[in-house]
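Results of the structural survey
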Amino acid sequence: MMKALTIGWLMLALTLFVASARADDAATDTTERARADFVRGVDLAGKGLWGEALGAFEQSAKLRPHALTTYNVATCQRALGEYTRARATYTNALDEDARTGGAELPASYAEEAKTRRADIDALLAHVNITLDSVEATLTIDGRPLVVEGSLLVAGIAAAGAGTSPPTAHFEVLADPGAHVITVTRKGFATIAVNRTFLPASRGALDLVMDRLPATLRVSAPQADAIVKLNGRDIGVVPVDTTRPAGNYTLEVVASGFVPYRTNLVLLPGQEANLRAPLSPQPPAITKRWWFWAGAGVLAAVVVGVGVGVFYATRTTPPPDGGGLGWSAPTH
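Reference entry: report on the structure contained in this document. Just so you know, these numbers come straight off a predicted model, no measurement behind them.

1. Some words on the overall build of the protein
Along the backbone of the protein there are seven helices and 18 strands. Counting the 331 residues in the protein, one finds 36% classified as buried. Sequence-distant contacts in the protein: of pairs separated by 6 or more residues, those separated by 24 or more amount to 54%. For the protein, the accessible surface area stands at approximately 18400 Å², while carbon and sulfur atoms represent 58% of it.

Encoded structure:
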């Protein structure tokens, strides 16, 4: 019964479309091709080949947009179980008709579009999803979601990159049936869950993303250099290690070289490559030639200064025969 009614509506739409095209004084070859695709769509729909009929009506709409064609596109989508798409397309048909002042869609069709849209609304599943980050992106069945007021609607957009939700908690409108929900965020493990929604169902889904560890690769010109992370020895270069995201103190040491020290901030999922620029350790000051040469000169100066001080401060000459050969005068 439902199929017979659907075909009846399509045949009536065909009659109206052809009449509309013939009334167009500016009819061109494009219009004729659009009419041919429309007729082909009606024939395919009459045979229950809804997918092929959908393609024919969509091609007709590209050549000559018309509210009746859009209405038939929605009818095919509905027959294929693509309810959120049909719901949006029925709305488009009504909008197109409104822009022409009601000239393209008879009143009975407009009412039917509204009725079918309401029926679809009662059939769709509502899912309250909570994400632990609004920086994540979400797809359902490989398609981004379309924002519609306070709702995110699945199944309308073409396949592509995910949608970032407006808040961490949001409601999704989806077709009944099985779906794959995918959540991605840089630095975090991708979530992919399978869920089946019953018609007119309401449910909740909490999705928590796990941070990916960071990868740190450390190298140095010296093959025996030792790497320390937060003071702990983690091996000889080259070192390839995995660590949770966070702050770290890195030290690379090698005998005869100045230790290299730095603070690292590793992000989730980051791959950090670091080459420690070790510089040769300067020799100790006591091992440099000029230190000892200077020390000898300094010693000589110190001795000379000492003698000078002795003579300069000596006020009473020693007794006759003193060690320095002084003699005291007699009076």
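2. Details of the side chain of glutamate 96
In this structure, glutamate 96 sits in helix H5 (residues 83-99). One polar contact links glutamate 96 to threonine 70, side chain to side chain, over a distance of 2.8 Å. When neighbours within four sequence positions are excluded, glutamate 96 is seen to be in contact with His66, Ala67 and Thr70.

3. Examining the side chain of glutamate 104
Tracing the backbone shows glutamate 104 in the loop between H5 and helix H6 (107-123). One buried charged residue, glutamate 104, remains without a salt bridge, the closest side chain of opposite sign being arginine 64 at 5.6 Å. One polar contact links the side chain of glutamate 104 to the main-chain amide nitrogen of alanine 67, over a distance of 2.7 Å. Look past the residues within four positions of glutamate 104 in its chain and what remains in contact with it is Pro65, His66, Ala67, Leu68 and Asp97.

4. Description of the nonpolar core
Judged by nonpolar contacts, the single largest core of 22 residues is most densely connected at Ile129, Val172, Ile181, Val183 and Leu207. For this core, the elements supplying multiple residues, two or more each, are strand S1 (125-131), strand S2 (137-140), strand S6 (169-174), strand S7 (177-184), strand S8 (191-197) and strand S9 (202-207). Examining the composition of this core, we find that four residues originate from one element, S1, more than from any other. Ignoring anything within four residues of it in the chain, the contact list for leucine 207 reads Ile129, Thr130, Leu131, Asp132, Ile181, Val183, Ile191 and Val193. If you look at the next biggest cluster of nonpolar residues, it comprises 19 residues, including Val218, Ala225, Tyr248 and Leu274.

Thresholds, definitions, all that
Residues numbered from 1 in each chain as written. Predicted model: local features only at pLDDT ≥ 70, side-chain atom pairs only at ≥ 80, totals over all residues. Heavy atoms only, no water. Helix = DSSP H or I, 4+ residues; strand = E, 2+ residues; numbered from the N terminus. Buried < 20%, exposed > 50% of the residue type's maximum accessible area, 1.4 Å probe, protein only. Contact = heavy atoms within 4.5 Å. Areas by Shrake-Rupley, 256 points an atom, 1.4 Å probe, with all protein chains shown as cover. Polar contact = N/O pair within 3.5 Å; in protein donor to acceptor, adjacent residues only side chain to side chain. Lys, Arg positive; Asp, Glu negative; His and termini not counted. Salt bridge = Lys/Arg side-chain N within 4 Å of Asp/Glu carboxyl O. Core = buried A, V, L, I, M, F, W, Y, C linked by side-chain atoms within 4.5 Å.

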